[in-house]
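Notes for the structure review
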Amino acid sequence: MPVPEYLNGYYQGRFAEIYRQYTPGKQITFHDEDRFAGHILRYLAKQWIDRQESLRIVDFGGGDGSLAVAVASRLRRKVEIMVIDHGPEWVREGQVHIEKRRSVESLANNCHIVIASASLEHVPYPYPVIKKLYSLLQPGGYFYVRTPFVSPFMKLWDMFDFGYPAHLHDLGPAFWNSFVRIFAPDAACIVSQPSIVETSFTKKPIKTIIAAALKLPGHLEARVRGIGREPLWQYVGGWEAVFRRKPV
């Protein structure tokens, strides 16, 4: 397993190039963070959001916090964002207050939404991090995760590039469907499904069409068989899940 010092240097150099492939000037591996924010908010109870005078969001591995800011802008209330990543310590953007941290250890357990999008696969030992991230939630809060799931492609084709050492883990449905049992017996799984397509048709039309076509059977299967089962169709490239800490 690569040591943290090596990974820090690798990410600081390599990810500048990766970010440019998506949205120049922003640190996010996704085309159109507003579309992504709308997708996440589909799974959050509107009545619960409406009852909150202000919200606290943790964005783990969130780069410059673009996704969390996009989520906050749709909530239309005061939002405090804690971004766990490298970069400047403090940023302010209108009603949104953003603080950058290097570690989750100093955060209080009073968050409403925790986001870990395309980040946990980079953590050498993700179990304690996942447990800590979930523990940050208030009762009723939500935990959104998105991770690569490419091992089925690797079994088909030995030359498939997993992306090591950028990607250290392949966390698919078997992992996330066990989340409640392993990490959070007080959680409810809202959704566990193939992840949202990260590219856009206008910027990467061919890649977007192929990705959407591969994910479609997985989405149809989930609708028919329900969540929590090992999928028959596994060639989806990525997985996402939303968990809610049960209200008191």
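Structure report, in brief. Here the structure is a predicted model, which means the values were calculated and not measured. Once a new chain begins, its residue numbering starts again from 1 and follows that chain's sequence as written. Given that the model is predicted, a residue must reach a pLDDT of at least 70 before its local features are reported, and side-chain atom pairs must reach 80 or more before they are shown or counted; all residues, however, enter totals for whole chains, interfaces and linings. Working from all heavy atoms in the structure, the side-chain values ignore hydrogens and water.

For the rest of this paragraph, the subject is the pairing of strand β8 (residues 237-245). Think of it in three bands: residues with accessible area under 20% of the maximum for their type are buried, residues over 50% are exposed, and the middle band is partly exposed, with areas taken using a 1.4 Å probe on protein chains only. Put simply, DSSP marks the helices as runs of H or I at least four residues long and the strands as runs of E at least two long, and each gets a number from the N terminus on. Most of β8 is tucked away, with seven of its nine residues classed as buried. Alignment of strand β6 (residues 137-149) against β8, held across eight bridges, turns out to be antiparallel. Bridging across to β8, Tyr142 finds its partner in Arg244. Paired strands are those between which DSSP finds at least two bridges. Direction of pairing for strand β7 (residues 187-194) relative to β8: antiparallel, over a ladder of seven bridges. Residue pairing across strands places Ala187 opposite Arg245, the latter belonging to β8.

Using protein atoms alone on a 1 Å grid, points that fit a 1.4 Å probe yet trap it form a cavity, whereas open point sets bounded by protein on both sides within 12 Å along at least five of seven lines form a pocket; residues with an atom within 4 Å of a point count as lining. Grid points are joined across faces, edges and corners, and a volume is the space filled by probe spheres set on the points. In this structure the tally under the stated criterion is one cavity of 30 Å³ or more. A volume near 110 Å³ is recorded for the largest cavity. Along its surface, the largest cavity is lined by 14 residues, and Ala222, Gly226, Arg229, Pro231 and Trp239 are the ones closest to its centre. Sorting the residues of the lining of the largest cavity by element identifies β7 and α9 (205-225) as the ones contributing at least two each. At four residues, the largest contribution of residues to the lining of the largest cavity is made by α9. When residues are sorted by character, Ala, Val, Leu, Ile, Met, Phe, Trp, Tyr, Cys and Pro go into the nonpolar class, Asp, Glu, Lys and Arg into the charged class, and all the rest, Gly among them, into the polar class. Residues that form the lining of the largest cavity fall into these classes: six nonpolar, five polar and three charged.

Okay, the environment of Ser151 next. Tracing the sequence through the fold places Ser151 in helix α6 (residues 151-156). For the pair Ser151 and Leu171, spaced 20 residues apart in sequence, the C-alpha to C-alpha distance is 9.1 Å.

Our focus in this paragraph is the pattern of salt bridges. Only one rule defines a salt bridge in this text: a Lys or Arg side-chain nitrogen within 4 Å of an Asp or Glu carboxyl oxygen. Per the stated rule, a full pass over the model turns up six salt bridges. Between Asp50 and Lys46 there is a salt bridge, and its shortest N-O distance comes to 2.9 Å. On the criterion of helical spacing, the pair formed by Asp50 and Lys46 is a turn pair, its members being four residues apart in helix α3 (residues 46-50). The closest approach of N and O atoms between Asp186 and Arg245, which form a salt bridge, is 2.9 Å. In this pair, Asp186 sits in the loop between α8 (179-182) and β7 while Arg245 sits in strand β8, placing the two residues 59 residues apart along the sequence.

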